[in-house]
Amino acid sequence: GLGKLVEEAGLARTLTVGLGAMLAKQIPYTFGKQVSFDVVAKALYRILNAPRSATATLAESLSKSVSPEFVKWAVSVLSAMIASVMACLLSQPGDVILTETYKGGDSDCETEIDPKKIGCVLPAERTLGDVSRSIYARSGDKGVVNALGGFFTGLQA
């Protein structure tokens, strides 16, 4: 349990393992969700309130056929849908880092840590930099753009 973890690694290490990886996922997710929702909602309201003729805006034209509450609901739902997709795309690299952080090391790494072997660090001792380097290194020597593709694993599904 927690007592064994604290005894082996210390209280500070036990409470902060994976914090960098968690922040690498949550900060882009929250930013993407909040900002894109606001930007999309403002754009939709700007479109709805733009003058379509000398006398009526699209919102005024819609108000004759649908209620203003429905327009507000539709803008909220559309904004939320687009914000969800943006949040998922922006947090995907952090999710790969988080998964890699908590994934176990190689079987030959469990007994001895070899600092020259990339990715051969036990999960409790992996830093955000170690994890990022191991993901980046998987692509080999294919260039920066191809190497960054390792952080978007699973998006092709």
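See the structure above.
## Here we look at the pattern of salt bridges
Right, on to step 1. Under the defined criterion, the tally for this structure stands at 1 salt bridge.
Right, on to step 2. Here Arg133 ties to Asp130 by a salt bridge, and the two come within 3.0 Å at their closest N and O atoms. Within this pair, Arg133 and its partner Asp130 are both found in helix α6 (residues 128-137), separated by 3 residues, close to a single helical turn.
Right, on to step 3. On the accessibility criterion, Arg133 (53% relative accessible area) is exposed.
Right, on to step 4. By relative accessible area, Asp130 is classed as partly exposed at 24%.

## A short note on α6
Right, on to step 1. Taken together, the buried positions of α6 are occupied by Val131, Ser134 and Ile135. Burial along α6 is one-sided: seen end-on, the buried residues are contained in an arc of 100 degrees.
Right, on to step 2. Packed against the buried residues of α6 are α5 (68-102).

## Focus on the packing of aromatic side chains
Right, on to step 1. Evaluation of the coordinates by the stated rule reveals 1 aromatic pair.
Right, on to step 2. Between Lys25 and the ring centre of Tyr29, over which it is positioned, the NZ or CZ distance is 5.8 Å.

## Some remarks on the packing of helix α3 (residues 19-49) against α5
Right, on to step 1. The interhelical angle for the contact between α3 and α5, taken along N-to-C directions, is 160 degrees, at an axis separation of 7 Å. With respect to α5, the axis of α3 lies roughly antiparallel. Crossing angle aside, the handedness with which α3 passes α5 is right-handed.
Right, on to step 2. Each residue belonging to the contact of α3 with α5 can be placed in one class, and the counts come to 22 nonpolar, 7 polar and 4 charged.

## Observations regarding the nonpolar core
Right, on to step 1. The biggest cluster of nonpolar side chains holds 6 residues, and these are Ala21, Val96, Ile97, Leu98, Val131 and Ile135.
Right, on to step 2. Elements with a minimum of two residues in this core: α5 and α6.
Right, on to step 3. When residues in this core are grouped by element, the largest group, 3 residues, is from α5.

## Regarding the environment of Ala87
Right, on to step 1. Looking at the element boundaries, Ala87 is found in helix α5.
Right, on to step 2. Residues Ala87 and Gln34 lie 53 residues apart in sequence; the distance between their C-alpha atoms is 8.5 Å.
Right, on to step 3. With near-sequence residues (within four places) excluded, Ala87 lies in contact with Tyr29, Gly32 and Lys33.

## A closer look at the side chain of Ser36
Right, on to step 1. The topology assignment puts Ser36 in helix α3.
Right, on to step 2. Relative accessible area serves as the criterion here: at 11%, Ser36 is assigned to the buried category.
Right, on to step 3. Discounting residues that sit within four places of it in the chain, Ser36 has contacts with Phe31, Ala83 and Met86.

Reading the values: rules and limits
Residues numbered from 1 in each chain as written. Predicted model: local features only at pLDDT ≥ 70, side-chain atom pairs only at ≥ 80, totals over all residues. Heavy atoms only, no water. Salt bridge = Lys/Arg side-chain N within 4 Å of Asp/Glu carboxyl O. Helix = DSSP H or I, 4+ residues; strand = E, 2+ residues; numbered from the N terminus. Buried < 20%, exposed > 50% of the residue type's maximum accessible area, 1.4 Å probe, protein only. Arc of directions from axis to C-beta. Contact = heavy atoms within 4.5 Å. Phe/Tyr/Trp six-rings, centres within 6.5 Å; stacked < 30°, edge-to-face > 60°. Lys NZ or Arg CZ within 6 Å of the ring centre and 35° of its normal. Axes fitted to C-alpha atoms, helices over the stretch in contact; angles between N-to-C directions. Parallel < 35°, antiparallel > 145°, perpendicular 65-115°, else oblique. Left-handed = near helix turned anticlockwise from the far one by under 90°. Nonpolar A, V, L, I, M, F, W, Y, C, P; charged D, E, K, R; others polar. Core = buried A, V, L, I, M, F, W, Y, C linked by side-chain atoms within 4.5 Å.

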